[in-house]
Amino acid sequence: MATEGQPTELVKVLHLLVLSFSWGMQLWVSFIAGFVLIKQVSRHNFGLVQSKLFPVYFYCLLGSNFVSLAVFAVYHPRELLDWHESVQMLLFFAALVTSGLNGQWFGPTATEVMFQMWQVEKEHGLGEEIGLGTKREAYAKLSEQDPKYKAYRRKFGRYHGLSSLCNLTGFICTTINLIYTALKLSTI
């Protein structure tokens with residue numbers, strides 16, 4: 001749809017680079033890096049690495065989602081939006097909100113509870129094994145025997161699940177926006 005002004009070539013390149021940066025980062029962090037890492041280091045080392053990387057990841061996503069939304073909004077005034085552009089605007093906004101929730105609330109809370117869980121695990125000689133499937137029975141037994149640990153696991157599971165849901169939602173939003181953008185390219 002026509003807008004009041006067309007973006008410059010630089011703005012188009014910036015928009016595509018930022019959108020691609022977000023998508024690539026989400027793909028790598030969500031579907032590759034964590035699965036490779038958990039098979040190579042202990043549970044506690046895995047969590048420590050994630051606790052350092054995730055804040056940077058969430059804020060990079062927040063910044064890039066903000067730039068994507070702002071650039072798109074500037075060149076697509078609300079009064080001139082067609083149905084597809086409205087969907088795109090909503091998806092940019094949803095990606096921004098989910099990355100903000102992860103950066104400000106779900107991520108830090110999950111990390112805080114993880115560190116509390118570790119204290120109990122360390123007292124019982126757990127956390128240094130490599131992989132998630134190792135010593136599953138010992139973790140289940142600890143959860144049955146220690147109500148504080150059971151509460152930590154439940155709270156961690158809730159916040160980790162909400163964080164994962166936000167991350168997946170943001171990834172889907174970014175993927176659809178990247179597809180919309182690709183379909184508007186006149187050539188490659």
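One can find the structure itself at the top, above this paragraph.
Presented here is a report on the structure given in the accompanying data block. (Residues numbered from 1 in each chain as written. Predicted model: local features only at pLDDT ≥ 70, side-chain atom pairs only at ≥ 80, totals over all residues. Heavy atoms only, no water.)

Describing the nonpolar core
Step number 1: Counting residues in each nonpolar core, the largest one holds 7 residues, listed as Leu19, Leu69, Phe72, Met89, Phe92, Leu96 and Leu178.
Step number 2: Looking at this core, the elements that each hand over two or more residues are helix H2 (43-74) and helix H3 (83-123).
Step number 3: When residues of this core are assigned to their parent elements, the largest contribution, 3 residues, is made by H3.
Step number 4: Beyond its immediate chain neighbours, meaning those up to four positions away, leucine 96 contacts Leu62, Asn65, Phe66 and Leu69.
Step number 5: Counting 6 residues, the second-largest nonpolar core is a separate cluster that includes Met117, Tyr139, Leu142 and Tyr149. (Core = buried A, V, L, I, M, F, W, Y, C linked by side-chain atoms within 4.5 Å. Buried < 20%, exposed > 50% of the residue type's maximum accessible area, 1.4 Å probe, protein only. Helix = DSSP H or I, 4+ residues; strand = E, 2+ residues; numbered from the N terminus. Contact = heavy atoms within 4.5 Å.)

What to know about the packing of aromatic side chains
Step number 1: Under the counting rule described, the total for this entry stands at 10 aromatic pairs.
Step number 2: Where tryptophan 23 meets phenylalanine 171, the ring centres are 6.0 Å apart and the plane angle is 20 degrees; that geometry is what we call stacked. Residue tryptophan 23 is found in helix H1 (residues 9-38), and its partner phenylalanine 171 is found in helix H5 (residues 147-183); the two are separated by 148 residues along the sequence.
Step number 3: Exposure remark for tryptophan 23: the relative accessible area of 26% places this residue in the partly exposed category.
Step number 4: Overall, the relative accessible area of 12% leaves phenylalanine 171 in the buried class.
Step number 5: Here phenylalanine 54 and tyrosine 57 contribute two aromatic rings whose centre-to-centre distance is 5.9 Å and whose plane-to-plane angle is 45 degrees, an arrangement assigned as tilted. Highlighted residues: phenylalanine 54 and tyrosine 57, both in helix H2, separated by 3 residues, approximately one helical turn.
Step number 6: Classification of phenylalanine 54 by relative accessible area gives partly exposed; the value is 25%.
Step number 7: Among the residues examined, tyrosine 57 registers a relative accessible area of 4% and is labelled buried. (Phe/Tyr/Trp six-rings, centres within 6.5 Å; stacked < 30°, edge-to-face > 60°.)

So, a nonpolar patch on the surface
Step number 1: Judged by side-chain polarity, Trp28, Phe31, Ile32, Phe35, Val36, Leu168, Ile172 and Ile176 come together as a nonpolar surface patch covering roughly 740 Å² of accessible area.
Step number 2: Counting residues per element, the nonpolar patch draws most heavily on H1, which supplies 5 residues.
Step number 3: Judged by its relative accessible area of 32%, isoleucine 32 is partly exposed. (Patch = residues over 30% accessible without salt bridge, like charges linked within 9 Å, V, L, I, M, F, W, Y side chains within 5 Å. Areas by Shrake-Rupley, 256 points an atom, 1.4 Å probe, with all protein chains shown as cover. Salt bridge = Lys/Arg side-chain N within 4 Å of Asp/Glu carboxyl O.)

Quick word on the pattern of salt bridges
Step number 1: Tallied over the full model, the rule gives 3 salt bridges.
Step number 2: Between lysine 12 and glutamate 9 there is a salt bridge; the shortest N-O distance is 3.7 Å. Highlighted residues: lysine 12 and glutamate 9, both in helix H1, separated by 3 residues, approximately one helical turn.
Step number 3: In this structure lysine 12 comes out as partly exposed when scored by relative accessible area, which is 42%.

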